[in-house]
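Here is how the chains run, residue by residue.
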Amino acid sequence: MANAFGLRDWQQECRERYHSRSGGTDGNFLVVATPGAGKTTFALTLVQDLISRGEIFNTIVVVPSAHLRRQWSEAASRMGIQLDHTFVNRNAVVSSDFDGVAVTYQAVATEPTLWRTLCSRKRTLVIFDEIHHAGEGDEQRWGPALKSAFEPAHRRLLLSGTPFRTDGTPIPFVEYHDRKAVPGYNYDYGMALADGGVVRPAVFPSMDGESKWRRAGDRAITSIALTDTDEQTVPPALRAALDPAGQWIPSVLREANNALTNARIDTHDAGGLVVAFDQDAARAYAQILEQITGEKPAIATSDDPTASQVIKSFTSSTSRWIVAVQMVAEGVDIPRLAVGVYASRVRTKMFFIQVVGRFVRMRGEEDETTARLFIPSVEPLLSHAREIEKTVDAVIADQEKRVREIQDSDGDTAAQTSLLPAFETVGSSEAVHHSTIANGEFVTPDEMNYAQTVMSRTGQPPRGMTVEYVALLLRTAGAQLPEQRKDSRVTEKPLADQKQEVRRLLQRKVGKYSITTGKPHEYIHAALNRHFGDIVKTAKMDTLMKRIQLIDTWQREAEA
């Protein structure tokens, strides 16, 4: 959700925290934010703040890849900040009409003394994009080089969605407590998903199958899912599955392409990404996809000098597929990606989260896409995926709870009555416990009259829904009689906000039902529109709640 400054709420809160702490401990401030949350926009807003306050006169953005240099430069230019993404070490001096430069970690590690000089000449803010690349144990010695180069900097802003390294080594300029990074601000995937309009939910079709390989002359055959975590079995089984000459990966690509076809019914330019384990595999996968689709996929490999342009062209096109190696694992922004195939041999949590991050960036609050990433059925990939799916389930449950809290609030009668069907769908042990009535619970005449009013305004009540039962439901929900809540409307959440909360929950449930049944969102919404005779944008609150009740019924039937 954006605020008066045009920033999302988390960005503005983080901005205020940064300034209140004067840039953090020793000028270091770590922002941990999920992919797609808007770290770049946040960082560039800080640059604007610090320049306008006269606190800095130079900005250096350090990124993992050459493609990201251009991406940062273009984003900065849109905000009136000019970063030179073409600067090379031999230039030695930055032209005075630039506000700073965008450079790779590799370039800094090559000549740390040069960069120490460049950030010493003026009060400099250094922004480290995906700072986890700079571990102290890096073979290229990036960590020590960065410390040497940017120790004199006035401020250092550290950005990461995964502030840890697989090798466990500390990251330069990061504060630790009990061996865990201490962020100045944290905005994780669950928080972003709950906020809405930031990231999409994701599901992970896990693909099993048989792998065959030879070891010391002996032939082995095993189910991918049965390899468990045996390091003697998982690598060869995964390698055999990902072999483009086998049957497994072509079958997965066909499944993924079918999923993409369904996604394009709702979103005509939805795209797919295959993350390959090396360049040869990437080209082979592209040939398989071309045979399946009749369309030549884009290929982005690190040995291709035009890779950045390939990614940029794919981002703005309507082509179906792009195949890449690790270079698309993080930082690359392709919001139209909806379907992916994880065909990498890397099984670390950090890399997996980075890949997932390519698919979860939303294209606005109306985006109902649920991202699909097809993965091999091996550990620990399955565990990584389950963690993310649990987060999605928890957020949906929390959204349902908030919708129930709207019902429990002391709002106007229309909002109260229209939300009544939520009890049928979600349920509550107190509300559905029939023994309460059987035991002779006393209901006042006023409660009976109010319940009758509620029922008349809600429309035809469900079969068996008596006045007494409705009265007890309202009492259990904490609903007050009209004369008891005359002054409560002053602090009541606006109806527009209540409806937005309910629509957001409906979007999540439609996405889940679409995944379960394979029916496009467009088809599901059309069925709901026909059933209720209206559309989501103009539907009244009671109809929105009835839509949720109906989609829940459909979901239960589909899962039966």
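This text follows the structure it describes.
Residues numbered from 1 in each chain as written. Predicted model: local features only at pLDDT ≥ 70, side-chain atom pairs only at ≥ 80, totals over all residues. Heavy atoms only, no water.

## Describing the nonpolar core
Our working rule: We define a nonpolar core as any set of buried Ala, Val, Leu, Ile, Met, Phe, Trp, Tyr and Cys residues linked to one another through side-chain atoms lying within 4.5 Å. Summary of the burial criterion: residues with accessible area below 20% of their type's maximum are buried, those above 50% are exposed, and those between are partly exposed, where the area comes from a 1.4 Å probe applied to protein chains only.
Among the nonpolar cores identified, the biggest contains 115 residues, and L157, Y285, V341 and F352 are the most heavily contacted of them. Membership of the second largest hydrophobic core comes to 29 residues, among which are F128, A153, L158 and V174.

## Concerning helix α6 (residues 142-150)
For the record, the criterion: Secondary structure elements follow DSSP: runs of H or I no shorter than four residues count as helices, runs of E no shorter than two count as strands, and numbering proceeds from the N terminus. Note that the arc is computed from the directions linking the helix axis to the C-beta atoms. Any two residues whose heavy atoms approach within 4.5 Å are treated as being in contact.
Burial in α6 covers these residues: W142, G143, A145, L146, A149 and F150. One side of α6 carries all its buried residues, which in axial view fall inside an arc of 165 degrees. Those residues of α6 that are buried are in contact with β2 (58-63), α4 (105-110), α5 (112-121), β5 (124-129) and β6 (155-160).

## Details of the packing of aromatic side chains
For clarity, the threshold we go by: Here the aromatic set is Phe, Tyr and Trp, taking the six-membered ring for Trp, and pairing holds for ring centres within 6.5 Å; pairs whose planes are under 30 degrees apart are stacked, those over 60 apart are edge-to-face, and all others are tilted. For a Lys NZ or an Arg CZ to count as sitting over a ring, it must be within 6 Å of the ring centre and within 35 degrees of the ring normal.
The full count for this structure, using the stated rule, is eleven aromatic pairs. A centroid spacing of 5.8 Å and a plane angle of 35 degrees characterise the contact between W10 and F42, whose relative ring orientation is tilted. In this pair, W10 sits in helix α1 (residues 9-20) while F42 sits in helix α2 (residues 39-52), placing the two residues 32 residues apart along the sequence. Of the two residues examined, W10 and F42, each falls in the buried class. Aromatic ring contacts, followed pair by pair, group W10, F42, Y185 and Y187 into a single cluster. When the ring centre of F314 is taken as reference, the NZ or CZ atom of R336 above it lies at 4.1 Å. We note R345 situated over the ring of F277; from NZ or CZ to the ring centre the distance is 3.8 Å.

## A few points about the sheet that holds strand β4 (residues 100-104)
Put simply, the rule reads: For two strands to be treated as a pair, DSSP must find at least two bridges joining them.
Read across the sheet, seven strands follow the order β3-β4-β2-β5-β6-β1-β9 without closing on themselves; strand pairing throughout is parallel. Pairing within the sheet leaves two strands with one partner each, and these edge strands are β3 (83-84) and β9 (185-187). Sheet analysis places β2 next to β4, joined by five bridges and oriented parallel. Paired with V62 across the strands is V103, a residue of β4.

## Quick look at the environment of D393
Structurally, D393 is set in helix α13 (residues 381-408). The exposure class of D393 is partly exposed, given its relative accessible area of 45%. A C-alpha to C-alpha distance of 9.1 Å links D393 and P201, two positions 192 residues apart in sequence.

Functional significance is not addressed by these values, which are geometric in nature.
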